Amino acid sequence: MNAIVTVVGQDKIGIIAAVCALLAEHNVNILDISQTILQGSFTMVMAVDVGAAKVSVGELRDLLEQLGQKMEISIRIQREEIFDAMHRI
């Protein structure tokens, strides 16, 4: 089961570490990360495997939103069926 985590906000120290720590704490494996910083704006897209996660995708969504509020950034997770299908071919 794969999903996409998207992080958007102002570039701040510790964003990547905080998101990665939260995902690792809940057994979510990071498959790929891309990030862009442009004029202080930060965007990160992570492909993750939630198949072995200790919590549901909905619970993980809530945890990521709480982290985003704390860090004043936007964090979203969404299932990615197309991503799954591409990796089965």
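Scroll up for the structure.
A few points on the structure. Small disclaimer: the values here were computed from a predicted structure and weren't measured. (Residues numbered from 1 in each chain as written. Predicted model: local features only at pLDDT ≥ 70, side-chain atom pairs only at ≥ 80, totals over all residues. Heavy atoms only, no water.)

## Overview of the environment of V55
With respect to the element layout, V55 can be found in the loop between β3 (41-49) and α2 (57-71). Judged by relative accessible area, V55 falls into the partly exposed class, the value being 21%. Each C-alpha atom of the pair V55 and H26 lies 6.7 Å from the other, and the pair is 29 residues apart in sequence. Ignoring anything within four residues of it in the chain, the contact list for V55 reads H26 and L60. (Helix = DSSP H or I, 4+ residues; strand = E, 2+ residues; numbered from the N terminus. Buried < 20%, exposed > 50% of the residue type's maximum accessible area, 1.4 Å probe, protein only. Contact = heavy atoms within 4.5 Å.)

## Some points on the packing of helix α1 (residues 15-25) against α2
In contact at an axis separation of 11 Å, α1 and α2 are set at 155 degrees when each is read in the N-to-C sense. It follows that α1 is roughly antiparallel to α2 by the angle criterion. Crossing of α1 over α2 shows right-handed handedness. Of α2, the residues touching α1 (which contributes I15, A18, V19, L22 and L23) are L60, L63, L64, L67 and M71. In the contact of α1 with α2, the residues fall into 10 nonpolar, no polar and no charged. (Axes fitted to C-alpha atoms, helices over the stretch in contact; angles between N-to-C directions. Parallel < 35°, antiparallel > 145°, perpendicular 65-115°, else oblique. Left-handed = near helix turned anticlockwise from the far one by under 90°. Nonpolar A, V, L, I, M, F, W, Y, C, P; charged D, E, K, R; others polar.)

## Quick word on the pairing of strand β2 (residues 29-38)
Across nine bridges, β2 lies against β3 in antiparallel orientation. Across the sheet, the residue bridging to Q35 is M44, located in β3. In this antiparallel pair of consecutive strands, β2 and β3, the connection spans two residues, and Q39 shows a positive phi of 50 degrees. (Pairing = 2+ DSSP bridges.)

## A look at α1
Turning to α1, its buried residues are I15, V19, L22 and L23. Mapping the buried residues of α1 onto a view down its axis gives an arc of 95 degrees, with all of them on the same face. Exposed residues lying more than 90 degrees from the buried face of α1 are A17, A24 and E25. Those residues of α1 hidden inside the fold are in contact with β1 (2-10), β2, β3, α2 and β4 (74-79). Phi turns positive one or two residues past the end of α1, at N27, with a value near 60 degrees. (Arc of directions from axis to C-beta.)

## Comments concerning unusual backbone geometry
Its identity as a non-glycine residue notwithstanding, Q39 has a phi of 50 degrees, on the positive side. Accessibility expressed as a relative area gives 80% for Q39, which makes it exposed. Positive phi values are uncommon outside glycine, yet E72 reaches one of about 60 degrees. In this fold, E72 is placed in the loop between α2 and β4.

## Some remarks on the pattern of salt bridges
Where charged atoms from two side chains of opposite charge approach closely, those side chains can pair. For the coordinates displayed, the defined rule picks out one salt bridge. Across the salt bridge formed by K12 and E72, the nearest N and O atoms sit 3.4 Å from each other. Of this pair, K12 sits in the loop between β1 and α1 while E72 sits in the loop between α2 and β4, and the two are 60 residues apart along the sequence. (Salt bridge = Lys/Arg side-chain N within 4 Å of Asp/Glu carboxyl O.)

All we've got here are geometric facts, nothing functional implied.
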